[in-house]
Amino acid sequence: MYLAADDRYESTPYARCGRSGLQLPRISLGLWQNFGGSTALENAREMVLKSFDRGITHFDLANNYGPPPGSAEENFGRILKDDLAPYRDELIISTKAGYDMWPGPYGEWGSRKYLLASLDQSLRRMGLDYVDIFYSHRYDPNTPLEETMGALATAVHSGKALYVGISSYGPQKTREAAALLREMKLPFVIHQPSYSMLNRWVEQELLSVLEAEGLGCIAFSPLAQGLLTNKYLQGVPDSSRAAQNGSFDKGMLTESNLANVRALNAIAQRRGQTLAQMAIAWVLRKPAVTSALIGASRWAQVEDCLGALRNTQFSQAELAEIDSHSSDGGLNIWAASSQSG
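For the structure given in this document, a descriptive report is provided here.

So, how was this worked out
- Residues numbered from 1 in each chain as written.
- Predicted model: local features only at pLDDT ≥ 70, side-chain atom pairs only at ≥ 80, totals over all residues.
- Heavy atoms only, no water.
- Phe/Tyr/Trp six-rings, centres within 6.5 Å; stacked < 30°, edge-to-face > 60°.
- Helix = DSSP H or I, 4+ residues; strand = E, 2+ residues; numbered from the N terminus.
- Buried < 20%, exposed > 50% of the residue type's maximum accessible area, 1.4 Å probe, protein only.
- Lys NZ or Arg CZ within 6 Å of the ring centre and 35° of its normal.
- Salt bridge = Lys/Arg side-chain N within 4 Å of Asp/Glu carboxyl O.
- Disulfide = S-S within 2.5 Å.
- Contact = heavy atoms within 4.5 Å.
- Pairing = 2+ DSSP bridges.
- Axes fitted to C-alpha atoms, helices over the stretch in contact; angles between N-to-C directions.
- Parallel < 35°, antiparallel > 145°, perpendicular 65-115°, else oblique.
- Arc of directions from axis to C-beta.
- Expected span 1.5 Å × (residues − 1).
- Polar contact = N/O pair within 3.5 Å; in protein donor to acceptor, adjacent residues only side chain to side chain.

Considering all chains together, one arrives at 9 aromatic pairs under this definition. Considering the side-chain rings of Tyr2 and Tyr87, the 5.9 Å spacing of their centres and the 70° angle between planes classify their relative orientation as edge-to-face. A residue pair is termed long-range when its members are at least 10 positions apart, and Tyr2 in the segment before strand E1 (14–16) and Tyr87 in the loop between helix H2 (71–84) and strand E5 (92–97) qualify at 85 residues. The exposure classification of Tyr2 matches that of Tyr87, with both residues buried. Seen from their ring centres, Tyr139 and Tyr169 are 5.6 Å apart, and the 70° between their planes marks the pair as edge-to-face. Taken together, the residues Tyr139 in the loop between strand E6 (131–136) and helix H4 (145–157) and Tyr169 in the loop between strand E7 (161–167) and helix H5 (171–183) connect sequence positions 30 residues apart. The structure contains a cluster of three or more aromatic residues connected by ring pairs, namely Tyr2, Phe52 and Tyr87. The aromatic ring of Trp282 is capped on one face by Arg285, whose charged end is 3.9 Å from the ring centroid.

According to the stated counting rule, one finds 20 salt bridges in the structure shown. Ionic pairing is found between Arg45 and Glu42, a salt bridge with its closest N-O pair at 2.5 Å. Placement of the pair is Arg45 and Glu42 together in helix H1 (residues 41–53), with a separation of 3 residues, close to one helical turn. Residue class for Arg45 comes out buried when judged on its relative accessible area of 13%. Judged by relative accessible area, which is 52%, Glu42 ranks as exposed. Salt-bridge contacts for Asp82 lead to Arg45; the nearest nitrogen and oxygen are separated by 3.3 Å. One end of the pair, Asp82, is in helix H2; the other, Arg45, is in helix H1, with 37 residues separating them in the sequence.

Let us look at the state of the cysteines. According to the stated counting rule, one finds 0 disulfides in the structure shown. Cys217 provides the cysteine sulfur closest to Cys17, a residue in no disulfide bond, and the two sulfurs are 9.6 Å apart.

Along the chain, the position of Leu24 falls in strand E2 (residues 23–25). The exposure class assigned to Leu24 is buried, which follows from its relative accessible area of 0%. In the structure, Leu24 is positioned 91 residues away from Leu115 in sequence and 24 Å away in space, judged by C-alpha atoms. Discounting chain neighbours no more than four positions away, the residues touching Leu24 are Pro13, Tyr14, Ala15, Cys17, His58, Ile92, Ile190, Ile218, Thr290 and Ser291.

Here we take up the sheet that holds strand E8 (residues 188–192). Strand order in the closed barrel formed by 8 strands is E3-E4-E5-E6-E7-E8-E9-E10, with parallel pairing between adjacent strands. Adjacent strand axes in the sheet meet at a mean angle of 30°, parallel and antiparallel pairs treated alike. The pairing of strand E3 (residues 27–30) with strand E4 (residues 58–60) spans 2 bridges and is classified as parallel. Along E4, the bridge assignment pairs Gly30 with Asp60. Running at roughly 155° to E7, H4 makes contact with E6 and E7 of the sheet.

What follows deals with the packing of H2 against helix H3 (residues 112–126). Across the interface, H2 lies against H3 with an axial gap of 7 Å and an inter-helix angle of 45°. Relative to H3, the element H2 is oriented oblique. Mapping the contact onto sequence places Glu73, Glu74, Phe76, Gly77 and Leu80 in H2 and Ser122, Arg125 and Met126 in H3.

This paragraph deals with the environment of Val164. Structurally, the position occupied by Val164 is in strand E7. Along the backbone, Val164 and Ile190 are 26 residues apart, and their C-alpha atoms lie at a distance of 7.2 Å. Those residues in contact with Val164, other than ones at most four positions away along the chain, are Ile133, Phe134, Leu152, Val156, Leu181, Pro187, Phe188, Val189 and Ile190.

The next thing to look at is helix H6 (residues 206–213). Along an α-helix, residues three or four positions apart point the same way, because every turn accommodates 3.6 residues. Those residues of H6 not exposed but buried are Leu206, Leu207, Val209, Leu210 and Glu213. Relative to the axis of H6, the buried residues are bounded by an arc of 160° and lie together on one face. Where the residues of H6 are buried, they touch H5, E8 and strand E9 (216–220). In the segment just after H6, Gly214 is the residue with positive phi, at about 75°.

Okay, H3 next. Between its first and last C-alpha, H3 extends 21 Å over 15 residues, near the 21 Å set by a 1.5 Å rise per residue. Turning to H3, its buried residues are Tyr114, Leu115, Leu116, Ser118, Leu119, Ser122, Leu123, Arg125 and Met126. Of the surrounding elements, those touching the buried residues of H3 are H2, E5, E6 and H4. Downstream of H3 by a residue or two, Gly127 has a phi angle that is positive, lying close to 70°.

Before going further, it helps to spend a moment on the environment of Tyr2. Judged by relative accessible area, Tyr2 falls into the buried class, the value being 13%. When near neighbours in sequence (up to four residues on either side) are disregarded, Tyr2 contacts Leu49, Phe52, Asp53, Asp83, Leu84 and Tyr87. A polar contact is formed between the side chain of Tyr2 and the backbone oxygen of Leu49, at a distance of 3.5 Å. Engagement of the side chain of Tyr2 in a polar contact is seen with the side chain of Asp53, the distance being 2.7 Å.

What follows is the structure, given as structure tokens:
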């Protein structure tokens with residue numbers, strides 16, 4: 001039987017989501033890739049349990065995570081039942097709905113029909129009575145925002161979610177969502193946008209909106225789907241996302257992006273960090289960012305990312321040098337959501 005480490009809260013710092021009472025670890029674990037039915041459950045279990053042993057209390061899912069869709073929630077449900085059930089009150093479990101999940105007109109986007117049906121399915125897959133955070137995964141330009149936010153309200157009022165959030169919404173729709181949820185007196189606490197040194201769209205306006213609205217920010221893909229690691233410094237490994245040509249298209253491996261990655265890696269080495277550690281520390285430098293949401297294919301990668309917390313300070317000279325090598329790399333495959341409306 002799994003017993004959590006006694007010292008699990010001694011090394012990982014936590015931060016509040018905006019002005020809410022909810023705290024998240026500065027590094028959270030996302031189950032987007034490598035936790036579904038196409039990968040070994042024991043590997044997923046090792047990553048989840050060892051993460052919890054190191055103070056990572058937040059595990060982020062979505063209805064369509066896998067592959068196949070839904071299988072990441074199913075596998076996480078098994079780990080919960082077999083290992084983490086005694087620790088449920090120490091965990092923050094989130095899920096989302098918004099992308100294509102089942103056939104027909106009710107299987108994606110932001111309708112009340114889809115969101116609430118999806119939440120019920122997610123709870124069944126994980127064997128839970130409630131999730132801690134339920135997100136609208138993307139803005140739906142064809143559904144009234146009042147309807148989408150109203151569905152999040154129902155999730156809370158029915159006891160199936162404690163808090164609500166949005167993901168990949170642009171600044172204006174974030175303001176509108178915040179106003180609606182404030183009027184409903186809903187615990188709207190967090191926004192989940194993509195953000196990395198090669199994908200800086202949130203700096204234009206969104207981060208200032210989140211600070212003004214008192215919302216937390218959990219930055220996903222801070223490693224640019226693995227590009228901001230040492231993985232591609234010597235080519236394209238067969239096991240990489242780029243080789244599989246799924247969410248990471250080989251077309252993103254431009255010479256400009258690779259040259260920037262090599263230059264950023266040199267800066268990280270001078271700081272005594274891996275590139276992944278510096279990339280995470282750089283995202284966390286912004287006061288609005290509550291947590292960096294990482295993915296991994298094995299525990300050693302999670303452990304390396306946790307090393308970022310040993311050095312999160314940057315000199316002005318370092319930031320200026322990083323800026324010179326962190327131009328937009330065309331990596332924001334979620335831009336359609338943030339730019340719509």
